[in-house]
Amino acid sequence: MTQSEILFERAQTHIPGGVNSPVRAFRAVGGKPIFIKRAQGAYLYDEDEKPYIDLINSWGPMILGHAPAMILEAVQQALGDSLSFGAPTRKEVEMAELICELVPSIEMVRLVNSGTEATMSAIRTARGYTKRAKIIKFEGCYHGHGDSFLIAAGSGAITMGEPDSAGVTQGVANDTLTAPFNDLEAVKTLVQANQGQIAAIILEPVVGNMGVVVGKDDFLQGLRQICDAEGIVLIFDEVMTGFRLSVGGFQQIVGIKPDMTTLGKIIGGGLPVGAYGGKKEIMQSVAPVGKVYQAGTLSGNPVAVSAGLAMLRHLKQTPSVYRQIQEATQQITKGMQAINQKYALAYPINSIGSMYTIFFSQKTEIFNFEDAKTSDTALFARYFQEMLKRGVYLAPSQYESLFVSTAIESTQIAHILQAHEEAIQVLSGENF
Ligand code: KE4
């Protein structure tokens, strides 16, 4: 048995499914999860020291690859001052100022400890600000595991076949309306039918959690117009896309200012940090100024914020990061498409910046959750295992985005494409 197999056996005794987040359990792709011992640059090393090129990068945060010197130095520096105070610090002021500078739609921001906390807090704030109860989310979008979001949810929820989680009460579910992504008419119908009751529309402007699906310009612009006309708070959940697609997030690319934005992943530099923010008028609703309560023992933790500050400062000072990871991603996806064509395969590959997903679907384009669900997840599982065997660590789900880091260079790209071709050959040999 490998060390990972031994550890997985042990883990299942005291941890549900042996993992601390469901999608890590490999249930959608078969086999047993790999237990990671350490990582450096583009590589993860499992408990048997087997190397893997990492295309998950901790589900987004590790945009600079693993153990970048400037982040480790910032953390080591912070450790000397102890770990946590539960009191305001200079670093939190610097972090708030930097986030508001880099994401102009954010005039005020509150730090929390995860993307889930950020999105939960954002809709509570929108509800408190508007004094309305309902929210609109989109099928296949995932906004963390807050009760209001676990309806038609993507990511691990759909991966486990549970887009509507058990334990979410009907009362909560009644206040969550859902529409197909990229379908503005469906939103208009919901808004008309719920006049004056909708507090917020929340979406991933580029969805990563059904696989990559980009919000169409007219859809996003239309949502902005609807929210302006109806007094609805438009929330861009940029937990995944924030500082991933540009230093100002996807909103900087598409030129739309949401009323609120949620952030996570990259802003912690690999440590637990989330954030929600937006218009000052809205954020003034948050305690202790306003009546929307939200709190956290480790919010603004000085060690985590030190990692986040080092990350954001680096990304601000090095805009070439974004061109570099986009070019690497394009080399990978174009190389995959060329290989697929050799085998008369036309699986759609959606990509933007350093995010991409290959859908094992017969459809030519994937624009929403219904499209994404036409994917052959059993075939994806076989592809995943063939890639893993060849030392390429993909997200263990068809409904996830991959993330390219600055550590992915020509050597790794060649390895990824070689593995892809061999995997496709194996699957072709199975006459799939
Ligand atoms: P966390 O609570 O996991 O930090 O963030 C929740 C969240 C919110 N919004 C978006 C757009 C997200 O993608 C996420 C979390 N993403 C998943 C991966 N698709 C986290 C990985 C996991 O669940 O293990």
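Preceding block: the structure.
A short tour of the structure in this document, coming up.

Conventions we followed
- Residues numbered from 1 in each chain as written.
- Predicted model: local features only at pLDDT ≥ 70, side-chain atom pairs only at ≥ 80, totals over all residues.
- Heavy atoms only, no water.
- Near = heavy atom within 4 Å.
- Polar contact = N/O pair within 3.5 Å; in protein donor to acceptor, adjacent residues only side chain to side chain.
- Areas by Shrake-Rupley, 256 points an atom, 1.4 Å probe, with all protein chains shown as cover.
- Nonpolar A, V, L, I, M, F, W, Y, C, P; charged D, E, K, R; others polar.
- Domains from an automatic or database assignment.
- Helix = DSSP H or I, 4+ residues; strand = E, 2+ residues; numbered from the N terminus.
- Phe/Tyr/Trp six-rings, centres within 6.5 Å; stacked < 30°, edge-to-face > 60°.
- Buried < 20%, exposed > 50% of the residue type's maximum accessible area, 1.4 Å probe, protein only.
- Lys NZ or Arg CZ within 6 Å of the ring centre and 35° of its normal.

Some remarks on the site of the ligand
Next up, step 1: Close contacts around the ligand come from 17 residues, with Ser21, Thr116, Asn209, Asp237 and Glu400 the closest.
Next up, step 2: Ser21 places a side-chain nitrogen or oxygen 2.6 Å from an oxygen atom of the ligand.
Next up, step 3: For the ligand, a nitrogen atom lies 2.7 Å from a polar atom in the side chain of Glu400.
Next up, step 4: Burial of the ligand by the protein chains amounts to 87% of its free accessible area of 540 Å².
Next up, step 5: In terms of residue class, the shell around the ligand is made up of 5 nonpolar, 8 polar and 4 charged.
Next up, step 6: Formed jointly, the shell around the ligand draws a minimum of three residues from each of two domains, domain 1 (3-67 + 320-431) and domain 2 (69-317).

Some remarks on unusual backbone geometry
Next up, step 1: The omega angle of the peptide bond from Ala287 to Pro288 is 10°, so this bond is cis rather than trans.
Next up, step 2: Looking at the element boundaries, Pro288 is found in the loop between α10 (280-283) and α11 (302-317).
Next up, step 3: For Asn57, which is not glycine, the phi torsion reads 50° and is therefore positive.
Next up, step 4: Checked against the element boundaries, Asn57 lands in the loop between β3 (51-54) and α2 (69-79).

Topic: the packing of aromatic side chains
Next up, step 1: Enumeration over the complete set of coordinates arrives at 13 aromatic pairs.
Next up, step 2: Summarising the aromatic geometry, the rings of Phe138 and Phe219 are spaced 5.4 Å apart at their centres and angled 80° between planes, so their arrangement reads as edge-to-face. Taken together, the positions of Phe138 in strand β5 (residues 134-138) and Phe219 in helix α8 (residues 217-230) put the pair 81 residues apart, joining distant regions of the chain.
Next up, step 3: Judged by relative accessible area, Phe219 falls into the buried class, the value being 1%.
Next up, step 4: Through successive ring pairs, a cluster of aromatic residues spans Phe26, Tyr52, Tyr347, Phe360, Phe380, Tyr383, Phe384 and Tyr393.
Next up, step 5: Seen from the ring of Tyr45, Arg38 lies directly overhead, with NZ or CZ sitting 4.0 Å from the centre.
Next up, step 6: Note that Lys216 overlies the ring of Phe367, its terminal NZ or CZ placed 4.0 Å from the centroid.

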